[in-house]
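The primary structure of each chain is shown beneath.
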Amino acid sequence: MGSKYVAANVTCFFTLHLQLWSLSFQENARDYCVAHGANVVGGCLSPTNDAYAKPGLLKGKHRLAMCKMMCEGSKWTADGWEMSKHTFINTVMVLRKLDIEVDLNVGLDVTPMLVCGADLLDSFNRPGCWPEAHMLEILEKFGVLCVERPGTDTERFWTSPILGPHKANIHIIHQPITDALSSTLVRDNVKKGHSNKYLVPDSVIKYIADNNLFKS
Amino acid sequence: MASAVTKVMPKNVYLVQCGSFNPIHYIHLRNLETVRDYCVSLGANVVGGCVSPANDKYSKSGLLPSAQRLAMCTLAVASSDWTAEDWECSQPTYTRTLIVLRHYRQLMTEKLGAEVIPLLVCGADLLDSFNKPGCWIPEQMEEILSQYGVVCVERPGTDTSRFATYPVLMPHMDRVHIIPASHVNDLSSTTVRNLVHDHKSVKYLVPDSVITYMAQNHLYE
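No experiment lies behind these values; they were computed from the predicted model shown.

All right, on to the interface of chain B and chain A then. Opposite the 23 residues of chain B that make contact, chain A presents 25 residues. Counting each side, the surface lost to burial between chain B and chain A is near 2100 Å², with a carbon and sulfur contribution of 59%. Our count for the chain B to chain A interface comes out at zero salt bridges. Broken down by secondary-structure element, the contributors of at least two residues to the side of chain B that touches chain A are helix H1 (26-41) and helix H6 (189-197) of chain B. Of the residues forming the side of chain B that touches chain A, the biggest block, five residues, is contributed by H1(B). The residue makeup of the side of chain B that touches chain A, split by class, is nine nonpolar, seven polar and seven charged.

Printed below as a string of structure tokens:
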């Protein structure tokens, strides 16, 4: 499998997946790669640019700060490149940037792979969601580590005209646990004054409180 | 689960989560949080709560010595208001749940200077065991259900509607609280042990300090 760098796509995720468990995707993905003989040189969370207009999207500086907190104590890092630009950055551009950067840093030919939940990969099947050329590049040049999620049947992928032909480059990662933790829950807990402890790191709980996030 | 029964929630409660904790994991910790929020929503003052690892004499194969299970529990609760209590596992013999609850009732009532009622925090399997002949001493079940209370956090795949039909539980549904888990998650100690055994990551499933402890002591390998 060669040398890999696992990049978690948080483009569509980050508003939604603030929680501890998203990093468990990365862990599962790494275990999978290692089991298949890969050298995983590292990995990152890449929060999306503010220009990705999704309702309720927090300011990038908050999201990046919380990503960094989530990565503390792990081998993963928070990459602020995507967020630092003045325009929406397509996922494929993040992978291209990492492709060059990681090779230089590590001195090896490293392939960035996209880590995402099955629900995100399913969106490849939605017409108009992704530019076709981008999907092809992600699927052919990089590869996807797709973590199973409750509610998405990954068997359907193989009959999809977009995904089916690229089965060899799509790795379905089975999670050892079923976890449907949602950011909606985390935000609702904040609104109701309920505990988020053990759903997100303590430092993130404090940050949310200190910055009055998700109150309304 | 909709219930026509008005729930009895004492004024001052102390949460007691009994279990093997072989090892403790995030859902155990999460349960205490969920139960506290529930009790507060019903007007209770939650004076505290603990995880109480089972005595070694509670023979279950693969059960690590209580000293180790307790150490991991202690590490796991370090950043919270919860405690890991050794009273149950330091008794010379297997200690029945009611005895554990009576102990904490006395202790916490003395501490607060007002009556504190311990609530047993458990999973559906414990409530199921109430219906199994020989599992519990009937008088003790009665006392737990009439003098204390049980809060059961639902897990995926459990149909909890059956509890209201169990003869021993039926008269006491006012003190049997069945609350939904905050989210669908089937993490279990068995999964954690299997992952450790397979050299897979358990990060984000158990606290880092527990991971370190397991590695240093070569547990579950």
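Here we come to the sheet that holds strand E5 (residues 150-153) of chain B. Residues and elements named next belong to chain B. Spatially, the six strands line up as an open sheet ordered E3-E2-E1-E4-E5-E6, and their pairing is parallel. Edge positions in the open sheet fall to strand E3 (83-84) and strand E6 (176-179), since each of these has one partner strand only. Bridging between strand E4 (residues 117-122) and E5 involves three bridges; their strand directions are parallel. Bridged to Val121 within E5 is Val151. Across the face of the sheet, H1 comes into contact with strand E1 (12-19), strand E2 (45-53), E4, E5 and E6 while running at roughly 155 degrees to E1.

All right, on to helix H6 (residues 132-142) of chain A then. When H6(A) is considered as a whole, its buried residues turn out to be A:His134, A:Met135, A:Glu137, A:Ile138, A:Leu139 and A:Phe142. Check the buried side of H6(A) and you find it contacts helix H4 (91-106), strand E4 (110-117), strand E5 (144-147) and strand E6 (170-173) of chain A.

Reading the values: rules and limits
- Residues numbered from 1 in each chain as written.
- Chains lettered and ligands numbered in written order.
- Predicted model: local features only at pLDDT ≥ 70, side-chain atom pairs only at ≥ 80, totals over all residues.
- Heavy atoms only, no water.
- Contact = heavy atoms within 4.5 Å.
- Buried area = accessible area lost by both parts, 1.4 Å probe.
- Salt bridge = Lys/Arg side-chain N within 4 Å of Asp/Glu carboxyl O.
- Helix = DSSP H or I, 4+ residues; strand = E, 2+ residues; numbered from the N terminus.
- Nonpolar A, V, L, I, M, F, W, Y, C, P; charged D, E, K, R; others polar.
- Pairing = 2+ DSSP bridges.
- Axes fitted to C-alpha atoms, helices over the stretch in contact; angles between N-to-C directions.
- Buried < 20%, exposed > 50% of the residue type's maximum accessible area, 1.4 Å probe, protein only.

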